[in-house]
Amino acid sequence: MRQSNSGFSDAGLRRLREVMARHVQSGKIPGLVALVSRGGQTHVEALGTMRHDGGAPMRRCTIFRMASVSKPVTMAAAMVLLDECRIRPDDPVDEWLPELANRKVLKRPGGPLEDTVPAHRPITVRDLLTSTFGLGMDFDLLDSPISAATFEATDYGVASGPAPEPDEWMRRLGELPLSYQPGQRWQYDLSHEVLCVLVARVTGQPFGTFLRERILDPLGMTDTGYHVPADKIDRLPPLYGPDPQTGEFLVWDEAADGRVSRPPVFQGCALVSTADDYHAFFRMLLNRGMHQDQRILSRPAVELMTINCLTPAQQAARDTMYRNIAHLSSGLGLHGGWGFGMAVRTYCRDYAPIGQFGWDGGTGTTVYADPTNQLTGILLTQVGMSTPDPARLFHDFWTTLYQAIDD
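All figures in this text were calculated on a predicted structure; none of them were measured in a lab. (Residues numbered from 1 in each chain as written. Predicted model: local features only at pLDDT ≥ 70, side-chain atom pairs only at ≥ 80, totals over all residues. Heavy atoms only, no water.)

Peer 1: It is not clear to me how helix α6 (residues 190–203) should be interpreted in this structure. Could you clarify?
Peer 2: In an α-helix there are 3.6 residues to a turn, and that puts residues three or four apart on one side. Between its terminal C-alpha atoms α6 stretches 21 Å, which fits the 20 Å expected from 14 residues at 1.5 Å a residue. For α6, a buried count of 13 out of 14 residues is recorded, marking the element as mostly surrounded by other parts of the structure. G204 occupies a position one or two residues after α6 and carries a positive phi of about 70°. (Helix = DSSP H or I, 4+ residues; strand = E, 2+ residues; numbered from the N terminus. Expected span 1.5 Å × (residues − 1). Buried < 20%, exposed > 50% of the residue type's maximum accessible area, 1.4 Å probe, protein only.)

If you want it as structure tokens, here you go:
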């Protein structure tokens, strides 16, 4: 029997479940929650257990550490300010982030921290929106002095931290030179954290408060936030980072008394959430900013978020960076373009079409939406990307999801 042509075929969904179950049965992925939707049809699979050695089963309401999949949601808060003309894309950020004024830039991106030249121009809001402000994770610079200094200054990474309060965090960041001139090169991640501080300073509210008032609460994302309260902590699995050599499950973060069991002092791109909460957010994006009868973002704001905003030179550098690690990531990141806070596919290299947008998280999360097929896919696990296994699971999830389309 086949479903209507607005959803998925029964046979396709069975294959999706079988492939996901195979990954769980391999022992390399303890559990997962997958949600797929299309044309009014939503299908959920919850497989495996919360812990690698058994215990409670995964449930649809399990709460996960979203990691970098937080970026599209936190970016939406900045888009609210663009809609309301409280910030403008090409305004310098000096007024709100004086720590980033009068920047020095390394003569060579991998060179000594003292060998600098003045920045050609101020950092702008657009540089933060597009991840091109001059600092960030750069796979070509992992062994450089600027990379080590950035990690140390910002308490950057799963095993570090917690990060200090925003003003101290910005003070530390402001002591570093930029590795590239503003707007020159796409670099990963750090600009989104700076953008969260910018939003907080513009609004005069803690970032999490503004995000909740303008994005989370209107969308009904009641399980999304910066920590898991005590009455929900049983829904949070531990976070594992398997040993790259042995595959042994190492605990990166426990649930009770772990890093997300209490509110952090730095509210950036590190949300916890559920499959249903993220479904509400990405369906809003597919609906061009509308949630039911309420407008969350303007249609142009959503279009800016979900189209490629990189110049050819920026995009070429980004493609090269991810292509050089494709053997470790099963091709994650090779989408072509980058919008505001997420990847945008600009060419076909697998089953997903041009125009698909979303991102992946280092804690084993992947969420994308596809305007062509009006499709949303969400896959959440508790396994960090320390081995290729989560990336291979992601690949198989998207392949089986697209083969399940019923047209």
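Having put the structure on the table, let's press on.
Peer 1: How should I be thinking about the side chain of R185 in this particular structure?
Peer 2: Mapped onto the secondary structure, R185 falls in the loop between α5 (166–174) and α6. The class for R185 is buried, based on a relative accessible area of 13%. A distance of 2.9 Å separates a polar atom in the side chain of R185 from a polar atom in the side chain of D138. In this structure R185 touches S131, T132, D138, D140, Y180, A317 and M321, once residues within four positions along its chain are discounted. (Polar contact = N/O pair within 3.5 Å; in protein donor to acceptor, adjacent residues only side chain to side chain. Contact = heavy atoms within 4.5 Å.)

Peer 1: It is not clear to me how the nonpolar core should be interpreted in this structure. Could you clarify?
Peer 2: Nonpolar side chains tend to gather and get buried jointly when the protein is soluble and globular. Counting residues in each nonpolar core, the largest one holds 78 residues, and the members touching the most others are L97, I215, Y278, F281 and L297. Within the second largest apolar cluster, 40 residues are counted, among which are L32, Y322, A391 and A404. (Core = buried A, V, L, I, M, F, W, Y, C linked by side-chain atoms within 4.5 Å.)

Peer 1: For this particular structure, what's the right way to read the packing of α5 against α6?
Peer 2: Any two packed helices are characterised by the angle at which their axes cross and by the distance between the axes. Viewed as axis vectors pointing N to C, α5 and α6 meet at an angle of 130°, and their least axial separation amounts to 11 Å. Considered as vectors, α5 and α6 are oriented oblique to each other. Regarding α5 and α6, the two cross each other, and that crossing is left-handed. Between α5 and α6, the contacting residues are P166, D167, W169, M170 and L173 on the first element and L190, E193, V194, V197 and R201 on the second. (Axes fitted to C-alpha atoms, helices over the stretch in contact; angles between N-to-C directions. Parallel < 35°, antiparallel > 145°, perpendicular 65-115°, else oblique. Left-handed = near helix turned anticlockwise from the far one by under 90°.)

Peer 1: Explain the sheet that holds strand β13 (residues 343–345) to me, please; I cannot follow it from the model alone.
Peer 2: Strands pair in a sheet through their backbones, by hydrogen bonds, and they do so in one of two ways: parallel or antiparallel. As summarised here, the arrangement of the eight strands in space is β3-β2-β1-β16-β15-β14-β13-β12, forming an open sheet in which the pairing is antiparallel. The open sheet has two edge strands with one neighbour each: β3 (54–57) and β12 (336–338). Direction aside, the axes of adjacent strands within the sheet are offset by 20° on average. In this structure, strand β15 (residues 365–370) lies alongside strand β16 (residues 375–381), joined through six bridges in antiparallel fashion. Bridge assignment links A369 to a residue of β16, and that residue is T376. Across the sheet, helix α10 (residues 312–323) touches β12, β13 and β14 (357–361), and the angle it forms with β12 is around 115°. (Pairing = 2+ DSSP bridges.)

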